[in-house]
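Structural characterization, general
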Amino acid sequence: AIRAELGDPEGIAVALVHLGQVSLFQGEVARAAAQFQQGLGSYTEIGDRGGEATALLGLGMAATAAGDYRSAADHLSAALHLSARIGFTARTNTIMAAVAELLLAVGQPQETVVLVVLILRDPASDRATSERARGLLERCQPQLTPDQIARATYGRQTVDLPAVRA
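Report on the accompanying structure. (Residues numbered from 1 in each chain as written. Predicted model: local features only at pLDDT ≥ 70, side-chain atom pairs only at ≥ 80, totals over all residues. Heavy atoms only, no water.)

1. Here we look at the overall build of the chain
Keep this limit in mind: Strands here mean DSSP runs of E at least two residues long; helices mean DSSP runs of H or I at least four residues long; both are numbered from the N terminus. Residue exposure (1.4 Å probe, protein chains only): buried if accessible area is under 20% of the type maximum, exposed if over 50%, otherwise partly exposed. Whether two residues are in contact is decided by their heavy atoms, any of which lying within 4.5 Å being enough. To be clear on the numbers: accessible area is Shrake-Rupley with a 1.4 Å probe, and residue cover counts the displayed protein chains and nothing else.
The helix and strand inventory of the chain stands at 10 helices and zero strands. When the elements of the chain are put in sequence order from the N terminus, they spell out α-α-α-α-α-α-α-α-α-α. By the burial criterion, 43% of the 166 residues in the chain qualify as buried. Long-range pairs, those at least 24 residues apart, make up 60% of the contacts in the chain with a sequence separation of at least 6. With the model as given, the accessible surface of the chain reaches about 8,500 Å², and the carbon-plus-sulfur share is 55%.

Here it is as structure tokens:
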């Protein structure tokens, strides 16, 4: 309310996305999605593309948590393209971690490992994203043979999101 009274649209957008993250952490997925959506609207209104990518990331994570994998793939794809287009490298890796979580949720552990390896090899990955990637790798290992892990680690370095949308 204070930021609104002061006419601080960027502050409102930041607050909405942070509230969405808290709501998601607390398991209030619908509330989180609404907050991320409002934040996205605010960021779009002020032309903050990095903020838009962050809000889209939140929407994708909320959709994954809700089991709406098609919507999650759409939001995360949009976030990834926007983030890459503006050169927001650290956020791009965070979005890739969310995509990896989505892939694991839809039963694609080998595809998950491909993204995790890219994240872990990139020096631009922040500590939290790298830790998240290591946790995903640990969750994938029991589901894959050593040969599958090796192929995912040393083989191709691309992942196809349309398979998630099907």
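There's plenty left to go through after this.
2. Re the packing of helix 6 (residues 89-105) against helix 8 (residues 127-140)
Here is the rule: Note on geometry: axes are C-alpha line fits, over the in-contact stretch for helices, and angles between N-to-C directions span 0 to 180 degrees. Note on terminology: angles under 35 degrees are roughly parallel, angles over 145 are roughly antiparallel, angles of 65 to 115 are roughly perpendicular, and the others are oblique. Handedness of a helix crossing follows the sense of rotation of the near helix relative to the far helix, less than a right angle counterclockwise being left-handed and clockwise being right-handed. Asp, Glu, Lys and Arg are counted as charged, while Ala, Val, Leu, Ile, Met, Phe, Trp, Tyr, Cys and Pro are counted as nonpolar; the rest, among them Gly, fall into the polar class.
Contact pair helix 6 / helix 8: the axes reach a minimum separation of 10 Å and the direction vectors enclose 20 degrees. Judged on the interaxial angle alone, helix 8 and helix 6 are roughly parallel. Considering how the two elements wind past one another, helix 6 and helix 8 form a crossing that is left-handed. Across from Asn 93, Thr 94, Ala 97, Ala 98, Ala 100, Glu 101 and Leu 104 in helix 6, the residues of helix 8 making contact are Thr 129, Arg 132, Leu 136, Arg 139 and Cys 140. Taken together, the residues of the contact of helix 6 with helix 8 sort by class into six nonpolar, three polar and three charged.

3. Some thoughts on helix 7 (residues 109-121)
Condition: By this rule the span expected of a helix is its residue count minus one, scaled by 1.5 Å.
Its 13 residues give helix 7 an end-to-end C-alpha distance of 18 Å, which sits within 8% of 18 Å, the value for a rise of 1.5 Å per residue. Where helix 7 is concerned, the buried positions are Pro 109, Glu 111, Thr 112, Val 113, Val 114, Leu 115, Val 116, Val 117 and Ile 119. Looking at the buried side of helix 7, the elements it contacts are helix 6, helix 8 and helix 9 (146-154).

4. Focus on the nonpolar core
Heads up, the rule is: Note on terminology: a nonpolar core comprises buried Ala, Val, Leu, Ile, Met, Phe, Trp, Tyr and Cys residues joined through side-chain atoms within 4.5 Å.
Residues Phe 36 and Leu 76 are the most contacted members of the largest nonpolar core, which totals 41 residues. When residues of this core are assigned to their parent elements, the largest contribution, nine residues, is made by helix 6. Here Phe 36 is in contact with Val 17, Gly 20, Gln 21, Leu 24, Ala 55, Gly 58, Leu 59 and Ala 62, once residues within four sequence places are set aside.

5. Re the environment of Ala 98
Tracing the backbone through its elements, the reader meets Ala 98 in helix 6. Looking at Ala 98, the relative accessible area reads 3%, which means it is buried. Along the backbone, Ala 98 and Thr 112 are 14 residues apart, and their C-alpha atoms lie at a distance of 10.0 Å. Each residue touching Ala 98, except ones within four places of it in the same chain, is listed here: Leu 57, Met 61, Leu 76 and Arg 132.

Shape is all these values report; function is a separate question.
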